[in-house]
Amino acid sequence: MTVLYAFVTTRTGAVSVLASSLIDCAVDQSLAPIGEDGPVPADLLLALRAVTDPRARRGRRHDVVSVLAVAVCAVLAGARSYIAISEWARDLTPTVRARLGLGRRPPCESTIRRVLQGVDAAELDRVVSTWLAARSVPICPAVPPAGPRRVIALDGKSARGARHAGGRAVHLLAAYDTGTGGVLGQAVVDGKTNEISAFSPLLDRIDIAGALITADALHTQRGHVSYLTGRGAHYLLTVKANQPTLLRQLRALPWTAVPVADATTDKAHGRHEQRTLKLTAVSVGIGFPSARLALQITRRSRPLTGGRWRTEIVYAITDLTTEQTSAQELADALRAHWGIENRLHWVRDVTYGEDLSQIRTGHGPAVMATLRNLAISLLRTAGATNIAAACRHLSRHPARVLPMIM
């Protein structure tokens, strides 16, 4: 939290009342659609101008950018519902209202609800994720980054409190940068299909060249592998019963003769855990595209208070070779993928109460999930390690959120 506090403290004192908002200054600018040929604005409010207003022109009091900006800031401060967003907006000072392009009266709950239910969730997520990606680009992108390979984890989550007309929970697939803790994109999974059909469309708008993509066994599909290698990315996929032939081949490998390449021991979350990883080359004999290495991960755990050890063996494959990677990198990538539950899904459920949310009409569930992802990504970027504490810190003074989006 030290970095976050220093960041917002040094900037909040510089906020001043503007003669016109940043939104008004951007009205005459002819920006290309975000993520296509035009530049990505450094200010989120300017980027949000690419989002289509779902309302009729007649009777509008508040610009869609202002409503979305209020929603983003309120969620950064911990708001969980439409009414909480409107209550946060009512407490804004004239200075903050001016910076967000608002007049004397902030948008009411019904206005916020209509906008968030009607706005195109996919379009909003594309704009937001493109803006986040632009903020994280180094000053000299031609220089290759030092350090480990970028790891992007794909994982789905159901918002149990939000239901479709047929009673099915809204399901969302997210792409998560395990290094920064930021969400790179999100897609709503069609109720008539599953996550498999959302895999490629989600990654289409993300630069994955050279990255290592991790996913659970559902995405161990030949089509996915061809897509990833065609875009210059690498894969690390777990193998389970949905690929019975491949799983049988991996189990039949002579693992007893393969030495342990990586071993770790941890004590956390009330349990003692030991993990070992073995690697072996599978250039021939494995009927899976581009597979070069097979992995066997053995996890043994038991409560810190004692008891019996529980053992789980998991298999995985990757297109990386021993010259391109190491056992430690692959073990860290697998652990980071499993960590998405704690660093993203758990935060959305506990800090933001996503599973308890009753928002279920229109695009509301997906839009609110995008706003939560944006908030978590911004807070992680600012150095927050405790998202709940960071939200409370921002909620105590509305102006503290401005430096994070401008």
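Up top is the structure.
Just so it is clear, the structure is predicted and the values come from calculations on it, not from any experiment.

Rules used in this analysis
- Positions within a chain are numbered from 1, following the residues in the order the chain's sequence is written.
- Side-chain atom pairs in this predicted model are given and counted only at pLDDT of 80 or more, local residue features only at pLDDT of at least 70, and totals for whole chains, interfaces and linings cover all residues.
- Where side-chain values are given, they derive from all heavy atoms of the structure, hydrogens and water being excluded.
- Comment: elements are numbered from the N terminus, with helices defined as DSSP H or I runs of at least four residues and strands as E runs of at least two.
- Residue burial is assigned from relative accessible area. The probe radius is 1.4 Å, only protein chains are included, and a residue is buried under 20% of its type maximum, exposed over 50%, and partly exposed in between.
- Throughout, a contact is declared for two residues whenever any of their heavy atoms are within 4.5 Å.
- Here, Shrake-Rupley sampling with a 1.4 Å probe gives the accessible areas, and only protein chains in the shown set may cover a residue.
- Ring geometry is summarised as follows: Phe, Tyr and Trp rings, the Trp one being its six-membered ring, pair when their centres sit within 6.5 Å, and such pairs are stacked at plane angles under 30 degrees, edge-to-face over 60 and tilted between the two.
- Identification of polar contacts relies on pairs of N or O atoms within 3.5 Å, with a donor-acceptor requirement for protein atoms, meaning one able to donate a hydrogen and the other able to accept it, and with residues adjacent in sequence counted only if both atoms are side-chain atoms.
- Among the buried residues, those of types Ala, Val, Leu, Ile, Met, Phe, Trp, Tyr and Cys that are joined through side-chain atoms within 4.5 Å form a nonpolar core.
- Structural elements are reduced to axes, namely lines fitted to C-alpha atoms, with helices fitted over the stretch in contact, and the angle between N-to-C directions of any two is expressed from 0 to 180 degrees.
- Each angle gets one of four labels, with under 35 degrees taken as roughly parallel, over 145 as roughly antiparallel, 65 to 115 as roughly perpendicular, and the rest as oblique.
- When residues are grouped by polarity, Ala, Val, Leu, Ile, Met, Phe, Trp, Tyr, Cys and Pro land in nonpolar, Asp, Glu, Lys and Arg in charged, and all others, Gly among them, in polar.
- A carboxyl oxygen of Asp or Glu within 4 Å of a side-chain nitrogen of Lys or Arg is what we treat as a salt bridge.
- Strand pairing requires that DSSP identify at least two bridges connecting the strands.
- The arc under discussion is defined with respect to the helix axis, by the directions toward the C-beta atoms.

Asker: Teacher, can you tell me more about the overall build of the protein here?
Answerer: For the protein, the count of helices and strands is 16 helices and 9 strands. Each of the 406 residues in the protein was classed as buried or not, and the buried ones make up 50%. The contacts in the protein between residues at least 6 apart in sequence include a share of 64% that link residues at least 24 apart. Of the accessible surface of the protein, which amounts to about 19,000 Å², a share of 52% is contributed by carbon and sulfur atoms.

Asker: Any chance you could explain the packing of aromatic side chains here in plain terms?
Answerer: In this description, an aromatic ring pair is defined by two values, namely the gap between the centres and the angle between the planes. All chains considered together, the criterion is met by 3 aromatic pairs. On the basis of an interplanar angle of 75° and a centroid distance of 6.5 Å, the ring pair of Phe199 and Tyr227 is categorised as edge-to-face. Of this pair, Phe199 sits in helix α9 (residues 195-204) while Tyr227 is found in helix α10 (residues 222-230), placing the two residues 28 residues apart along the sequence. Given a relative accessible area of 1%, Phe199 falls into the buried group. When the ring of Trp255 is compared with that of Tyr315, the centres are 6.1 Å apart and the planes differ by 45°; the resulting orientation is tilted. Residue Trp255 is found in the loop between α11 (244-251) and β6 (260-268), and its partner Tyr315 is found in strand β9 (residues 310-318); the two are separated by 60 residues along the sequence.

Asker: Teacher, can you tell me more about the side chain of Asn373 here?
Answerer: Mapping Asn373 onto the fold places it in helix α14 (residues 364-381). Among the polar contacts listed, one links the side chain of Asn373 to the side chain of Arg348, at a separation of 3.0 Å. Contact partners of Asn373, with chain neighbours within four places excluded, come to Val183, Gln186, Leu344 and Arg348.

Asker: Could you clarify how one ought to interpret the environment of Val350 in this entry?
Answerer: Tracing the sequence through the fold places Val350 in helix α13 (residues 340-350). For the pair Val350 and Ala388, spaced 38 residues apart in the sequence, the C-alpha separation amounts to 8.9 Å.

Asker: Help me understand the environment of Leu172 in this model?
Answerer: With respect to the secondary-structure elements, Leu172 resides in strand β2 (residues 169-177). Judged by its relative accessible area of 3%, Leu172 falls in the buried class. Taking the C-alpha atoms as reference points, Leu172 and Val189, separated by 17 residues in sequence, lie 5.6 Å from one another. Beyond its immediate stretch of four places on either side in the chain, Leu172 contacts Asp155, Gly156, Lys157, Gln186, Ala187, Val188, Val189, Arg348, Ala366 and Ala369.

Asker: Is there a simple way to explain the nonpolar core in this structure?
Answerer: Ranked by internal contacts, the top residues of the largest apolar core, which has 69 residues, are Leu76, Ile85, Trp88, Leu100, Leu116, Leu379 and Ile405. Examining the composition of this core, we find that 12 residues originate from one element, helix α4 (residues 64-76), more than from any other. Not counting residues up to four positions away in its chain, the partners in contact with Leu116 are Leu68, Ala71, Tyr82, Ile85, His363, Gly364, Val367, Met368 and Leu371. Ala187, Ile206, Tyr235 and Ile286 belong to the second-largest nonpolar core, a separate cluster that totals 35 residues.

Asker: I tried to follow the packing of α14 against helix α15 (residues 387-395) on my own but got confused; where do I start?
Answerer: Geometrically, a packed helix pair is captured by the angle between its two axes and the distance between the axes. Where α14 contacts α15, the axes come no closer than 11 Å and their chain directions differ by 90°. The pairing of α14 with α15 is recorded here as roughly perpendicular in orientation. Here Ile376, Leu379 and Arg380 of α14 lie close against α15, whose contacting residues are Ile387, Ala390, Cys391 and Leu394. For the contact of α14 with α15, a count of residues per class yields 6 nonpolar, no polar and 1 charged.

Asker: Sorry, what's going on with the pattern of salt bridges here?
Answerer: All told, the structure shown has 15 salt bridges when counted by the stated rule. The partner of Arg299 in a salt bridge is Glu312, and the shortest N-O contact between them spans 2.7 Å. Taken together, the positions of Arg299 in strand β8 (residues 293-303) and Glu312 in strand β9 put the pair 13 residues apart, joining distant regions of the chain. Taking relative accessible area as the criterion, Arg299 reaches 16% and is therefore assigned buried. Among the residues examined, Glu312 registers a relative accessible area of 26% and is labelled partly exposed. Several salt bridges share partner residues, and in doing so they unite Lys157, Arg348, Asp349, Glu354 and Arg372 into one network.

Asker: Which parts of the structure should I look at to understand the pairing of β9?
Answerer: Each regular strand displays side chains that alternate between the two surfaces of the sheet. Bridging between strand β5 (residues 234-239) and β9 involves 4 bridges; their strand directions are antiparallel. Residue pairing in the sheet places Leu237 in a bridge with Ile317 of β9. Pairing geometry for β8 and β9, over 9 bridges, is antiparallel. What sits directly across from Ser301, in β9, is Arg310. The turn linking β8 back onto β9 is made up of 6 residues, and Gly306 within it adopts a positive phi angle of 110°.

Asker: What is the right way to look at the side chain of Thr318 in this model?
Answerer: Topologically, Thr318 is positioned in strand β9. Engagement of the side chain of Thr318 in a polar contact is seen with the backbone nitrogen of Leu320, the distance being 3.2 Å. Excluding its chain neighbours within four sequence positions, the residues that come into contact with Thr318 are Leu212, Tyr235, Leu236, Ser290, Ala291, Arg292, Leu293, Leu295 and Leu330.

Asker: Please clarify how unusual backbone geometry should be interpreted in this entry.
Answerer: Negative phi is the rule for most residues except glycine; trans is the rule for most peptide bonds. We note that Ser290 has phi near 65°; this positive angle belongs to a residue other than glycine. Classification of Ser290 as partly exposed rests on a relative accessible area of 30%.

Asker: Quick question: what am I supposed to make of helix α7 (residues 109-118) here?
Answerer: Every α-helix carries 3.6 residues per turn, so stepping three or four residues along brings you back to the same face. Of all the positions in α7, only Thr111, Ile112, Val115, Leu116 and Gln117 are classed as buried. On its buried side, α7 packs onto α4, α5 (82-90) and α14.

Asker: Whenever I open this one, α9 confuses me. Can you help?
Answerer: Here α9 has its buried residues at Glu195, Ala198, Phe199, Leu202 and Leu203. Burial along α9 is one-sided: seen end-on, the buried residues are contained in an arc of 125°.

These results come straight from atomic positions and should not be treated as a statement about function.
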